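Observations on the three-dimensional arrangement
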Amino acid sequence: MLSICIAIHNWDVNRLVNDLTAQADKLDVPYEILLLDDASDYEYQKKNAQLDFLENVTYLQSYINMGRSLVRNTLASKAQYPYLLFMDCDATVTHRDFLKKYMAALPAPVIVGGCEYRKRRPRKECILRWRYGIEREQVPAEIRNQRPNTSFATFNFLIEKRVFDIVKFDESLQDYGHEDTLFGLDLLDKNIIIKHIDNPLRHDGIFSTQLFLERTQVAINNLLIILEKGHQREALVENIRLLKTYRQLRKWHLCGLYRFLYRIFKKMILKNLHSKKPSIRYFDFYKLEFLCEKRPII
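Cut-offs applied
Residues numbered from 1 in each chain as written. Predicted model: local features only at pLDDT ≥ 70, side-chain atom pairs only at ≥ 80, totals over all residues. Heavy atoms only, no water. Helix = DSSP H or I, 4+ residues; strand = E, 2+ residues; numbered from the N terminus. Rg over C-alpha atoms; globule rule 2.2 N^0.38 Å. Buried < 20%, exposed > 50% of the residue type's maximum accessible area, 1.4 Å probe, protein only. Contact = heavy atoms within 4.5 Å. Areas by Shrake-Rupley, 256 points an atom, 1.4 Å probe, with all protein chains shown as cover. Lys, Arg positive; Asp, Glu negative; His and termini not counted. Charge placed at Lys NZ, Arg CZ, Asp CG, Glu CD. Salt bridge = Lys/Arg side-chain N within 4 Å of Asp/Glu carboxyl O. Phe/Tyr/Trp six-rings, centres within 6.5 Å; stacked < 30°, edge-to-face > 60°. Lys NZ or Arg CZ within 6 Å of the ring centre and 35° of its normal. Pairing = 2+ DSSP bridges. Arc of directions from axis to C-beta. Patch = residues over 30% accessible without salt bridge, like charges linked within 9 Å, V, L, I, M, F, W, Y side chains within 5 Å. Core = buried A, V, L, I, M, F, W, Y, C linked by side-chain atoms within 4.5 Å.

**Overview of the overall build of the protein**
In terms of regular secondary structure, the protein is built from 13 helices and 10 strands. For 298 residues, the compact-globule estimate of 2.2 N^0.38 gives 19 Å, and the C-alpha radius of gyration of the protein, at 20 Å, lies within 12% of that figure. Within the span of the protein, comprising 298 residues, buried residues form 51% of the whole. Sequence separation of at least 24 residues holds for 80% of the intrachain contacts in the protein that already meet a minimum separation of 6. On the protein, roughly 15,200 Å² of surface is accessible, and the fraction owed to carbon and sulfur atoms is 52%. Seen as two clouds, the 46 positive and the 37 negative side-chain charges of the protein have centres 9 Å apart.

**Considering the pattern of salt bridges**
Considering all chains together, one arrives at 19 salt bridges under this definition. With a closest N to O distance of 3.7 Å, Arg15 and Asp19 form a salt bridge. Pair noted here: Arg15 and Asp19 are both in helix α1 (residues 14-24), with a separation of four residues, about one helical turn. A relative accessible area of 52% means that Arg15 is categorised as exposed. Its salt-bridge partner being Arg72, residue Glu179 comes within 3.6 Å of it at the nearest N-O pair. In this pair, Glu179 is assigned in helix α8 (residues 179-189) and Arg72 in helix α3 (residues 68-78), connecting sequence segments 107 residues apart. Accessibility expressed as a relative area gives 3% for Glu179, which makes it buried. Overall, Arg72 belongs to the buried group, its relative accessible area being 6%.

**Re the side chain of Gln23**
Looking at the element boundaries, Gln23 is found in helix α1. Gln23 sits in the buried class, given a relative accessible area of 11%. When neighbours within four sequence positions are excluded, Gln23 is seen to be in contact with Val93, His95, Arg96, Asp97, Phe98 and Leu99.

**Some remarks on the side chain of Thr209**
Relative to the helices and strands, Thr209 resides in helix α9 (residues 209-229). On the basis of relative accessibility, which here comes to 2%, the residue Thr209 falls in the buried class. Once residues within four sequence positions are removed from consideration, Thr209 is found in contact with Glu125, Cys126, Leu128, Leu273 and His274.

**Some thoughts on the packing of aromatic side chains**
One pass over the structure, following the stated rule, counts 15 aromatic pairs. Three or more aromatic residues link up through ring pairs in this structure, and these residues are Phe86, Phe152, Phe157, Phe164, Phe169 and Phe183. Between the NZ or CZ atom of Arg72 and the centre of the ring of Phe169, over which it lies, the distance is 5.4 Å. A cation over a ring is seen here: Arg215 above Phe207, with NZ or CZ 4.5 Å from the ring centre.

**Considerations on the environment of Ile159**
Relative to the helices and strands, Ile159 resides in strand β8 (residues 156-160). For Ile159, a relative accessible area of 0% corresponds to the buried category. Between the C-alpha atoms of Ile159 and Leu188, which are 29 residues apart in sequence, the distance is 14 Å. For Ile159, the contacting residues outside a window of four places in its chain are Pro82, Tyr83, Leu84, Phe86, Pro109, Val110, Phe164 and Phe183.

**Focus: the sheet that holds β8**
Spatial ordering of the open sheet is given by β3-β2-β1-β4-β8-β6-β9, a layout of seven strands whose pairing is mixed. A strand with exactly one partner marks an edge of an open sheet, and here the two such strands are β3 (57-62) and β9 (195-196). Relative to β8, strand β4 (residues 83-88) is paired through five bridges, and the arrangement is antiparallel. Counted as the bridge partner of Tyr83 is Glu160 from β8.

**Let's talk about helix α11 (residues 241-251)**
Looking at α11, one finds that the buried residues are Leu242, Leu243, Tyr246 and Leu249. Seen from one end, α11 has its buried residues packed into an arc of 120°, which puts them on one side. Set apart from the buried face of α11 by more than 90 degrees, the exposed residues are Arg241 and Lys251. For α11, the secondary structure elements touched by its buried residues are α9, α10 (233-239), α12 (255-273) and α13 (280-294). In the stretch just after α11, His253 is the one whose phi turns positive, near 55°.

**Concerning a nonpolar patch on the surface**
Among the surface-exposed residues, Trp252, Leu254, Leu257, Phe260, Leu261, Ile264, Phe265 and Met268 lie close enough to one another that they form a single nonpolar patch of about 810 Å² accessible area. Mapping Trp252 onto the fold places it in the loop between α11 and α12. When its relative accessible area of 57% is taken as the criterion, Trp252 is described as exposed.

**Overview of the nonpolar core**
In terms of nonpolar packing, the biggest core is built from 40 residues, with Ile6, Leu20 and Leu35 touching the most fellow members. Put simply, the parts of the chain that give this core at least two residues each are β1 (2-8), α1, β2 (31-38), β3, β4, α4 (98-105) and α5 (127-137). Ranked by residues supplied to this core, first place goes to α4 with five residues. For Leu35, the residues in contact, after removing those within four places along its chain, are Ile6, Ile8, Val13, Val17, Leu51, Val57, Thr58, Tyr59, Leu60 and Leu75. With 33 residues, the next largest nonpolar core counts Leu213, Leu236, Cys255 and Tyr258 among its residues.

This is how it looks when you write it as structure tokens:
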């Protein structure tokens, strides 16, 4: 009945899989855990490949980087049960009834459980990513259900296989960022409304501020690729605050002025983002300046 699908890249998933197996064995329903390694370093391949010997676990290996969309579509194509539970490899199960809560929330075409972060502050160089997660991603289901499809995230969600086969992830999007935004809007376009519940996994993949800023630029570039394709263009602009703000600046011919002012305060902003108390508002300024530099026509 349940196929748990986990794409792996440079992460040890032994604890995650063992915790899921312990819970799934108590459900008294057929299940499988599908693992697909997306060209990880050898040390992680070696650690995770041993999980293939566990009952109900299948480990698959890709030696070329497939990307976030293709790897999920591949997992779905190999799943044998009618419900697919996707989660990122850097997740940790923190609630003993995690799988039971998902089963209790059925039937529903798509269910998102959400995410949470450690309360303990990480080391200084990782605080921005942690604070962003706390302030922008760790959101109660009550709030997420107010705009269910624009609150979609791929970190932890369950979907009917028949629904996934209708929508799927856009495989032309190979880089990091916003493939989940597009997926949520594609579901809405098919009149499939996402159901949000409070059933989080903990997100433990907290990387450095510098890497986070670099990945943010990659994500914005990915977003521009989506816009250039024209698919869900207006829906994206209306539902992504960054794009909506940029459109207003461009309409009033203020992008140049914004970039000029940003350059004046750039050193202060970057210093803050790398500090022990980074401002998420400054992070918003950083993203908007990068988008203004690209000058897309929206």
